[in-house]
Amino acid sequence: MTSSGTGDPTYLGAGDPALTDYYPAWLDKLADDVTVEGSLLDGAVLGAEGVRTILVTIRGLYDHQEFSFAGPYGDNGFLETYTARVRGEPIGCAVLVTRDDAGQTQHIAANYRPRSSLLLLSRLVGEKLAGTPYEEYFVDPGTD
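Reading the values: rules and limits
- Residues numbered from 1 in each chain as written.
- Predicted model: local features only at pLDDT ≥ 70, side-chain atom pairs only at ≥ 80, totals over all residues.
- Heavy atoms only, no water.
- Helix = DSSP H or I, 4+ residues; strand = E, 2+ residues; numbered from the N terminus.
- Contact = heavy atoms within 4.5 Å.
- Areas by Shrake-Rupley, 256 points an atom, 1.4 Å probe, with all protein chains shown as cover.
- Pairing = 2+ DSSP bridges.
- Axes fitted to C-alpha atoms, helices over the stretch in contact; angles between N-to-C directions.
- Expected span 1.5 Å × (residues − 1).
- Buried < 20%, exposed > 50% of the residue type's maximum accessible area, 1.4 Å probe, protein only.

**A look at the overall build of the chain**
Within the chain one finds two helices and eight strands. Secondary structure elements of the chain occur, N-terminal to C-terminal, as β-β-β-β-α-β-β-β-β-α. Pairs at least 24 residues apart make up 46% of the contacts formed inside the chain by residues separated by at least 6 positions. Put simply, the chain shows about 7900 Å² of open surface, and 50% of that area lies on carbon and sulfur atoms.

**Description of the sheet that holds strand 6 (residues 77-86)**
Pairing is mixed in the open sheet, where six strands are placed in the order 4-3-8-7-6-5. Two strands close off the open sheet at either side, each with one partner strand: strand 4 (45-46) and strand 5 (64-73). Each of strand 6, strand 7 (89-99) and strand 8 (105-113) is contacted by helix 2 (residues 115-128), which is oriented at about 75° to strand 7, the strand it contacts most.

**Regarding helix 1 (residues 48-61)**
Its 14 residues place the ends of helix 1 20 Å apart at the C-alpha level, agreeing with the 20 Å of an ideal helix rising 1.5 Å per residue. For helix 1, the complete set of buried residues consists of A48, G50, V51, I54, L55, T57, I58 and L61. Residues of helix 1 that are buried in the fold lie against strand 3 (30-38), strand 4, strand 6, strand 8 and helix 2.

Treat this as a map of the structure, not an account of what it does.
Given below as structure tokens:
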């Protein structure tokens, strides 16, 4: 991340052609008791259905997404870093995925930045998931 001189962060992507059509294969290999937590959520969500619902909802809200890194981390980990746009606002994310001994995704931790975009995305996810058991993990869409 660099500064644009105005105090607003500017996120740079690596532009690696190998990441152009990247899809997180770990999303298709969720353990039944997988958990997701991170700066976008208030708490941790347990279970493959909830985790998949939340992650697919988040990805569906991106105007654009560009991965700058995706690869193994340690013995059972996988790391992704990417930038995206949500309603034109820039957002960056670092995702750490931990797999169990069977190779299934066991835990996902995601750190979003900057806070203003994080709050926008959290509100939008809350709107999309209103009326579901998952809405409680996100910023109330009715808040300013």
